[in-house]
Number of protein chains: 2
Amino acid sequence: MTVKVITVGEDILGANEEKARANRERLDKHGILTINIMSSPGAGKTSLILSTINRLKQKVRMAVIEGDVASSMDAEKVNEQGVAVVQINTAGGCHLDANMVENALNNLPLEDTDLLLIENVGNLICPAEFALGEHRRAMLLSLPEGDDKPYKYPAMFADADVVLLNKIDLLPHLDFNIDTFQKAVTGLNPEVRIFPVSCQTGEGLEAWFSWLEAWLKDKEGR
Amino acid sequence: MTVKVITVGEDILGANEEKARANRERLDKHGILTINIMSSPGAGKTSLILSTINRLKQKVRMAVIEGDVASSMDAEKVNEQGVAVVQINTAGGCHLDANMVENALNNLPLEDTDLLLIENVGNLICPAEFALGEHRRAMLLSLPEGDDKPYKYPAMFADADVVLLNKIDLLPHLDFNIDTFQKAVTGLNPEVRIFPVSCQTGEGLEAWFSWLEAWLKDKEGR
């Protein structure tokens, strides 16, 4: 039984990798830079996406893929901002996969998009294993989750290009050591960029926007 | 490919159900009441377990199974309280299963245990699908995760016997509507007990302890 499960698991991951490469080629063909945004439930993925749209939509043509187990609440919020959005409901599934993203790409205006933000399902474990075709991986950890989380959920921290430490406005009310957290993250992932932010107050978000804009400029220069 | 995955998934769940029934029989034989405690990362499962040990260990013989993707930090904290504990590291796995719990039971003093608390892996999705042999399911949602979570992660809320709404000490600093949350939960699960608590300040925990004690007493009366 165990061997059977592992084998099929590898098949799934292998097939997903192949589909993710196809998505990546398609995105590259259209010159669309894509970020896979991951976190626990309620860490602030949607708030980050809404802040990013609000700040950059005059400069950058954006689209969003919203992943959720159920509901379309997040897609409705993005839609209100006048940005192209597709909601994927996984119906119990614990992560997005490359196949779901391919279906979403079929329903987005790829010719009119420079930056695609993908909000993965709220889960600090499973999404890390499934490439979607993205160019960069951003993850959020929110302060109330605790500074020990890199030790407990190492895979996602190890693979992220950017870690946003969100809800820093709550720091006075919590027992969270930012130094401890940063050391734990860079121990797993020395190259990672860490941005302490509050999507609620806007604190720290300029560093994230600047990172995004520099990356987009770098693409134009290629 | 898709059909194959679904079939094997059903095999896994079927085999798990069978093993969970065996665990349950074993626990019943020893008169051990067992709670499967589930939540997102950092919602307060370990804090709840430590508070419960601290309050009840003079009255009730307890044991704990700690589930984590990696690390043994939580088991060490429980061990310091002088309570029998086994750490399960899933090595990337996103939930405990009945097989892992069987292995843990082999390493616990079952003859000297009345109440077994199982801390599942921090994940609001996958643990809901895997029975472990438990008698009751308790889940935590922490206030910073947001009052919309029952709509987004319905399965776990629908199957819980008890929902602990933790970190209510942060209410003044957050945009969280407790009424909205309670209505959403009872809409999915009319029979559920909801306890607003703060494991940090102790507020509200007496209702949880009373519920536990009444349940344990009910067992003695049978």
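Here, the structure is the one placed above.
Basis of the calculations
- Residues numbered from 1 in each chain as written.
- Chains lettered and ligands numbered in written order.
- Predicted model: local features only at pLDDT ≥ 70, side-chain atom pairs only at ≥ 80, totals over all residues.
- Heavy atoms only, no water.
- Phe/Tyr/Trp six-rings, centres within 6.5 Å; stacked < 30°, edge-to-face > 60°.
- Helix = DSSP H or I, 4+ residues; strand = E, 2+ residues; numbered from the N terminus.
- Buried < 20%, exposed > 50% of the residue type's maximum accessible area, 1.4 Å probe, protein only.
- Least-squares fit on C-alpha atoms with pLDDT ≥ 70 in both.
- Axes fitted to C-alpha atoms, helices over the stretch in contact; angles between N-to-C directions.
- Parallel < 35°, antiparallel > 145°, perpendicular 65-115°, else oblique.
- Contact = heavy atoms within 4.5 Å.
- Nonpolar A, V, L, I, M, F, W, Y, C, P; charged D, E, K, R; others polar.
- 1 Å grid on protein atoms, 1.4 Å probe; cavity = no way out; pocket = protein on both sides within 12 Å on 5 of 7 lines; lining within 4 Å.
- Points joined across faces, edges and corners; volume = space filled by probe spheres on them.
- Disulfide = S-S within 2.5 Å.
- Pairing = 2+ DSSP bridges.
- Buried area = accessible area lost by both parts, 1.4 Å probe.
- Salt bridge = Lys/Arg side-chain N within 4 Å of Asp/Glu carboxyl O.
- Polar contact = N/O pair within 3.5 Å; in protein donor to acceptor, adjacent residues only side chain to side chain.

Engineer: Describe the packing of aromatic side chains, with residues and values.
Structural biologist: Each aromatic ring pair is summarised here by two numbers: the centre-to-centre distance and the angle between the ring planes. All names here are of chain B. A complete count under the given rule lists 8 aromatic pairs over all chains for this structure. Taking the centre distance of 5.7 Å and the plane angle of 15° together, the rings of Trp-208 and Trp-211 count as stacked. Of the two residues, Trp-208 and Trp-211 both sit in helix 8 (residues 205-221), 3 residues apart, roughly one turn of that helix. Just as Trp-208 is buried, Trp-211 falls in that class too.

Engineer: Kindly report on the relation of the copies chain B and chain A, identifying the contributing residues and their values.
Structural biologist: When chain B is fitted to chain A, the residual RMSD is 0.0 Å, and the transformation amounts to a turn of 180° plus an axial shift of 0.0 Å. Interpreted geometrically, this transformation is the action of a two-fold axis.

Engineer: Tell me about the packing of helix 2 (residues 45-56) of chain A against helix 3 (residues 73-80) of chain A, and name the residues and values.
Structural biologist: Residues and elements named next belong to chain A. Packing of helix 2 against helix 3 leaves a shortest axis separation of 10 Å and a crossing angle of 10°. Relative to helix 3, the element helix 2 lies roughly parallel. Of the residues in helix 3, those touching helix 2 at Thr-46, Ile-49, Leu-50 and Ile-53 are Asp-74, Lys-77 and Val-78. Looking at the contact of helix 2 with helix 3 residue by residue, the classes come out as 4 nonpolar, 1 polar and 2 charged.

Engineer: Now, about empty space enclosed by the protein: what can you tell me, with residues and values included?
Structural biologist: All told, the structure shown has 1 cavity of 30 Å³ or more when counted by the stated rule. The calculated volume of the largest cavity comes to roughly 60 Å³. A:Pro41, A:Ser142, A:Glu145, B:Ser142 and B:Glu145 are, among the 14 residues lining the largest cavity, the residues nearest its centre. Among the residues forming the lining of the largest cavity, the class breakdown is 5 nonpolar, 6 polar and 3 charged.

Engineer: Please set out the state of the cysteines residue by residue, giving values where relevant.
Structural biologist: Under the criterion given, the structure shown has 0 disulfides over all chains. Between A:Cys126, a cysteine without a disulfide, and B:Cys94, which holds the nearest cysteine sulfur, the sulfur-to-sulfur distance is 3.5 Å. A relative accessible area of 6% means that A:Cys126 is categorised as buried.

Engineer: Requested: an account of the sheet that holds strand 2 (residues 62-68) of chain A, with residues and values cited.
Structural biologist: Residue and element names in this part refer to chain A. Ordered in space as 3-2-4-1-5-6-7, the 7 strands form an open sheet in which the pairing is parallel. Looking at the sheet topology across the chains shown, the edges are occupied by strand 3 (84-89) and strand 7 (193-196). The sheet shows a mean angle of 20° between the axes of neighbouring strands, direction not considered. Here strand 2 pairs with strand 4 (residues 115-119) via 5 bridges, running parallel. Looking across to strand 4, one finds that Met-62 is bridged to Leu-115.

Engineer: Describe the interface of chain B and chain A, with residues and values.
Structural biologist: In this assembly, 37 residues from chain B lie in contact with 37 residues from chain A. Interface area, chain B with chain A, both sides summed: about 2900 Å², of which 67% is carbon and sulfur. For the pair chain B and chain A, the number of links is 2 salt bridges. We note a salt bridge from A:Lys152 to B:Asp74, for which the minimum N-O separation is 2.7 Å. Summed over the shared surface of chain B and chain A, the number is 7 residue pairs in polar contact (both at pLDDT 80 or more). Of all the secondary-structure elements, those providing two or more residues to the side of chain B that touches chain A are helix 1 (2-29), helix 3 (73-80) and helix 5 (149-152) of chain B. At 5 residues, the largest contribution of residues to the side of chain B that touches chain A is made by helix 1 of chain B. By residue class, the composition of the side of chain B that touches chain A is 19 nonpolar, 8 polar and 10 charged.

Engineer: Outline the sheet that holds strand 7 (residues 193-196) of chain B, supporting the account with residue identities and numerical values.
Structural biologist: Residues and elements named next belong to chain B. Spatially, the 7 strands line up as an open sheet ordered 3-2-4-1-5-6-7, and their pairing is parallel. Two strands bound the open sheet, and with one partner strand each, they are strand 3 (84-89) and strand 7. The average undirected angle you get between the axes of adjacent strands in this sheet is 20°.

Engineer: Give a detailed account of the pattern of salt bridges, specifying residues and quantitative values.
Structural biologist: In the structure shown here, the tally under the stated rule is 22 salt bridges over all chains. Its salt-bridge partner being A:Glu102, residue A:Lys19 comes within 3.0 Å of it at the nearest N-O pair. Residue A:Lys19 is located in helix 1 (residues 2-29), and its partner A:Glu102 is located in helix 4 (residues 98-105); the two are separated by 83 residues in the primary sequence. You can call A:Glu102 partly exposed: its relative accessible area is 23%. Linking B:Arg55 and B:Glu206 is a salt bridge whose minimum nitrogen-to-oxygen distance equals 2.7 Å. With B:Arg55 in helix 2 (residues 45-56) and B:Glu206 in helix 8, this residue pair connects regions lying 151 residues apart in the sequence.

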